[in-house]
Amino acid sequence: MKILFLAIISLLLNACQTGFVPISQRNLYEKEGKSANLGHRRPIEERATPGSEVYLKRENIEIVPQETKNYTGSLLTLKNPDTYLFTDAPRGELGEFLDVFVTVNRSEKPATPAAAPADPAAKGKAVQDELIAALPKLEPAIADAKMPSLIKMKVVRKMENGDIIVEAARASQNEWEANSQRATARIPHAKITGRADISTADLADVHWSESVNGTMTERESNTWEDEYSMRWAGFDEARSKVALDLENKRKDLEKVKDRLKDKIVNVGRERNKLAAEKDKVDVLRREAEDKLNDLSQKNSQQDALIEQQKDIIKKQEQIIEEARNNNQANLVAPEKVADPKAKDAKTPAAQ
């Protein structure tokens, strides 16, 4: 019976199974905010109170190459380009053009500006300089007159010790003029085999030649000089006939400008002479005024003395006049007062 009962239970369990074995499953549950009309919605998040925000700083990841140390004891360094498996082709083949970067060998200190003249007499010259500076500039503007950053030099020869001879040349000519420049130099083998850039400081045994309308200029030096760079930057191209005509007209205008400068200088000199003569006249005028003032003072003093003398003379004349009147009065009065008897007595005696 037990066996039969267990067999029936096992049959019933097998009859209830559908024959599918679930691989994965999830539990379904009702989310918050479910509504029969609106369906499922995400619940509204509660806003945090101000001042309670939390900020997280993200770390920036930077990839930096790590320097490797040589623990093998080998004399070869991994950073040396000569140890690379694939390297560039060697430089310095015949006919190859090399980029030679221009560097400055010598630099001068900036000149300190001259102090302004304290002499007031220099104001006239300042006016003259201002007039000359106001004249138009007739020199042609050179927009491209800049120091070149590099010079293309061609390999023309390879020496037995590995050094190479490079050359840079250019020329320009027409029916009226011809200009040319040529520079040759030697570059050591160590600079060619290296991977660093070649500059004018690496050039040795430099020979420079320049021809401007048949005028030759040659220079030789152990290194590249700044003069060569300046000459290379100021190379003059051969001009056309129109350019030559314009140049002749410009020279004529330069002559007119020079004459104007001479006139301005002469006018300045005459102006200075007139100013000097004016100063002399002012001095003489001041001296004459001083003399006139002295003479007027003396005249006024003499007039005062004359007036005093006149007053004294008037007083003396009055005294003389009074004395004369008194004398006349004294002479007339005794005759009137005399006794007539005395007159009669005197008369017979006189007879």
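Residues numbered from 1 in each chain as written. Predicted model: local features only at pLDDT ≥ 70, side-chain atom pairs only at ≥ 80, totals over all residues. Heavy atoms only, no water.

Asks: Looking at this model, I keep getting lost on helix H4 (residues 226-233). Mind explaining?
Replies: In an α-helix, one turn spans 3.6 residues, which is why side chains three or four residues apart end up on the same side. Those residues of H4 lying buried are Asp226, Tyr228, Ser229 and Trp232. Projection of H4 onto a plane perpendicular to its axis shows the buried side chains occupying an angular sector of 160°, all on one side. Each element contacted by the buried residues of H4 is listed here: strand E2 (150-158), strand E3 (164-173), strand E4 (178-187), strand E6 (204-212) and strand E7 (215-223). (Buried < 20%, exposed > 50% of the residue type's maximum accessible area, 1.4 Å probe, protein only. Helix = DSSP H or I, 4+ residues; strand = E, 2+ residues; numbered from the N terminus. Arc of directions from axis to C-beta. Contact = heavy atoms within 4.5 Å.)

Asks: What am I meant to see in the sheet that holds E7 here?
Replies: Pairing between sheet strands relies on hydrogen bonds along the backbone, with the strands arranged either parallel or antiparallel. Taken in spatial order, the 7 strands line up as E5-E1-E2-E3-E4-E6-E7 in an open sheet, and their pairing is mixed. Strands with a single pairing partner mark the edges of an open sheet, and in this sheet they are strand E5 (198-199) and E7. By the bridge criterion, 8 bridges tie E6 to E7 in an arrangement that is antiparallel. Note on E7: the bridge partner recorded for histidine 207 is glutamate 220. Docked against the sheet, H4 engages E2, E3, E4, E6 and E7, running at close to 140° with respect to E7. (Pairing = 2+ DSSP bridges. Axes fitted to C-alpha atoms, helices over the stretch in contact; angles between N-to-C directions.)

Asks: I keep staring at the pairing of E2 and nothing clicks. Help me out?
Replies: If a strand is regular, its side chains alternate between the two faces of the sheet. Taken together, the 5 bridges between strand E1 (residues 97-101) and E2 define a ladder with antiparallel strand orientation. Counterpart to leucine 98 in the pairing with E2 is methionine 153. Taken together, the 4 bridges between E2 and E3 define a ladder with antiparallel strand orientation. In the sheet register, lysine 158 faces E3, and the bridge partner there is isoleucine 164. Counting the residues between successive antiparallel strands, the hairpin from E2 to E3 contains 5 residues, one of them, glycine 162, with a positive phi of roughly 100°.

Asks: Would you mind going over unusual backbone geometry with me for this structure?
Replies: Among all residues save glycine, negative phi is the norm, and among peptide bonds the norm is trans. The phi dihedral of aspartate 205 falls on the positive side, at around 50°, and the residue is not glycine. Inspection of the secondary structure assignment puts aspartate 205 in strand E6.

Asks: I tried to follow the environment of aspartate 197 on my own but got confused; where do I start?
Replies: By secondary structure assignment, the location of aspartate 197 is in the loop between helix H3 (189-193) and E5. As a C-alpha pair, aspartate 197 and aspartate 99 span 98 residues in sequence and 8.0 Å in three-dimensional space.

Asks: So what exactly am I meant to see when it comes to the confidence of the model for the chain here?
Replies: Low pLDDT means the predicted coordinates in that region are not meant to be read closely. On average, the chain scores 75 in pLDDT, and the residues at 70 or more come to 65%. Across residues 31-36 the pLDDT falls below 50, and counting only partners more than four positions away or on other chains, this stretch makes 6 contacts in the model. Taken as a whole, residues 345-351 scores under 50 in pLDDT and shows 0 contacts with residues more than four places along the chain or in a different chain. (pLDDT = per-residue confidence, 0-100.)

Asks: Would you mind showing me how to read the nonpolar core here?
Replies: One broad rule of soluble globular proteins: the nonpolar side chains tend to lie buried together. In terms of nonpolar packing, the biggest core is built from 20 residues, with Leu98, Val166, Ile187, Leu203 and Trp224 touching the most fellow members. Looking at this core, the elements that each hand over two or more residues are E1, E2, E3, E4, E6 and H4. (Core = buried A, V, L, I, M, F, W, Y, C linked by side-chain atoms within 4.5 Å.)

Asks: Please explain a positive patch on the surface as it appears in this structure.
Replies: Taken together, the side chains of Lys251, Lys255, Arg259 and Lys263 define a basic patch exposed on the protein surface. Mapped onto the fold, arginine 259 is located in helix H5 (residues 241-337). (Patch = residues over 30% accessible without salt bridge, like charges linked within 9 Å, V, L, I, M, F, W, Y side chains within 5 Å. Areas by Shrake-Rupley, 256 points an atom, 1.4 Å probe, with all protein chains shown as cover. Salt bridge = Lys/Arg side-chain N within 4 Å of Asp/Glu carboxyl O. Lys, Arg positive; Asp, Glu negative; His and termini not counted. Charge placed at Lys NZ, Arg CZ, Asp CG, Glu CD.)

Asks: Just checking my understanding: could you explain the pairing of E3 for this structure?
Replies: Taken together, the 10 bridges between E3 and E4 define a ladder with antiparallel strand orientation. The residue of E4 that forms the bridge with alanine 168 is alanine 183.

Asks: It is not clear to me how a nonpolar patch on the surface should be interpreted in this structure. Could you clarify?
Replies: Taken together, the side chains of Phe5, Leu6 and Ile9 make up a nonpolar region of the molecular surface, amounting to roughly 310 Å² of accessible area. Looking at the secondary structure, you find phenylalanine 5 in helix H1 (residues 2-16).

Asks: Would you take a moment to explain the packing of aromatic side chains for this structure?
Replies: Centre-to-centre distance and the angle between the planes together describe a pair of aromatic rings. Going through the model one piece at a time under the given rule, you end up with 4 aromatic pairs. On the basis of an interplanar angle of 70° and a centroid distance of 6.3 Å, the ring pair of tryptophan 208 and tryptophan 232 is categorised as edge-to-face. Taken together, the residues tryptophan 208 in strand E6 and tryptophan 232 in helix H4 connect sequence positions 24 residues apart. Overall, tryptophan 232 belongs to the buried group, its relative accessible area being 11%. (Phe/Tyr/Trp six-rings, centres within 6.5 Å; stacked < 30°, edge-to-face > 60°.)

Asks: Just checking my understanding: could you explain the side chain of threonine 184 for this structure?
Replies: Structurally, the position occupied by threonine 184 is in strand E4. Given the relative accessible area of 15%, threonine 184 is considered buried. Ignoring anything within four residues of it in the chain, the contact list for threonine 184 reads Val166, Glu167, Asp205, Val206 and His207.

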